[in-house]
Structures are given as C-alpha cells and as structure tokens.
Amino acid sequence: MNLSFSFFNKLPLLASSLKELTQHYKIHDYSQQICGSDYIFERVNEGTIGYMTGVGNGIKASDRIILRKGSESYQYQIEEIDYYSYPSDMWIALLKQVL
C-alpha cells in the first residue's frame, strides 16, 4: 500500500516532465516573407543545411523556422544562432532541415 501511494504522489511530476521533453522549441513562420528581401537563405548540401540571415527577436538555438521555396514549405531547426550588435534584432543562423 505504501508503494502505490508513493507512485501516485509522483505521477503528476512525471507527467509534467514528459510535457517539457516533448516540445522545447518555438516555431517561427517565415513562409510568407520574401527570400532575398526579408531574409537571406544560402543552401548547403542540397538544401538540407543552410545559413540564414534574418530579423526577429526571441529566436534561439533548437527553435524551428518554416521557409517556402516555390509552392513547397520546409522546416529547419536552428543549430546555432548569433545576433548582430546593430540592429539588435538581426541574426545569422546555421539551420538543419527537419524531415
């Protein structure tokens, strides 16, 4: 009886820990912006990796970015990101395509 009581007391902690593990990133949608005007994306390795320069606050490593090429949308994970000192919301990032 004591074992089951202890398990049920810890069950809410386990559930909240699993929720944190399932999504620890934000998704930033750049699919409606214009490549070459609103941002720059340089494809490497046939587009599975790329370098992007863009504008926006609150974007960090492990977040995801949605980009559009033609009628197709692609999702990339930010592997590394560095913000410029001026303007402070401009950044450059290494992206890896999420399949």
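Predicted, not measured: the structure shown is a model, and the values here were computed from it. (Residues numbered from 1 in each chain as written. Predicted model: local features only at pLDDT ≥ 70, side-chain atom pairs only at ≥ 80, totals over all residues. Heavy atoms only, no water.)

**Side note on the overall build of the protein chain**
Tallying secondary structure elements over the protein chain gives 1 helix and 6 strands in all. Reading the secondary structure of the protein chain in the N-to-C direction produces α-β-β-β-β-β-β. Across the 99 residues that make up the protein chain, the buried fraction comes to 25%. Long-range pairs, those at least 24 residues apart, make up 48% of the contacts in the protein chain with a sequence separation of at least 6. Carbon and sulfur atoms make up 57% of the accessible area of the protein chain, which amounts to about 7,300 Å² in all. (Helix = DSSP H or I, 4+ residues; strand = E, 2+ residues; numbered from the N terminus. Buried < 20%, exposed > 50% of the residue type's maximum accessible area, 1.4 Å probe, protein only. Contact = heavy atoms within 4.5 Å. Areas by Shrake-Rupley, 256 points an atom, 1.4 Å probe, with all protein chains shown as cover.)

**A short note on the pairing of strand β5 (residues 72–83)**
Note that strand β4 (residues 64–69) and β5 share 6 bridges and pair antiparallel. Paired with I66 across the two strands is Q75, which belongs to β5. Joining the antiparallel neighbours β4 and β5 is a turn of 2 residues, in which G70 adopts a positive phi near 65°. Taking the residues that link successive antiparallel strands as the turn, the β5-strand β6 (residues 90–98) hairpin has 6 residues. (Pairing = 2+ DSSP bridges.)

**Notes on the nonpolar core**
Residues Y30, M52, I65, L67, W91 and L95 are the most contacted members of the largest nonpolar core, which totals 13 residues. Elements with a contribution of two residues or more to this core: β4, β5 and β6. The contact partners of L67, leaving out residues within four places of it in the chain, are Y30, S31, Y39, F41, M52, E72, S73, Y74, Y76 and L95. (Core = buried A, V, L, I, M, F, W, Y, C linked by side-chain atoms within 4.5 Å.)

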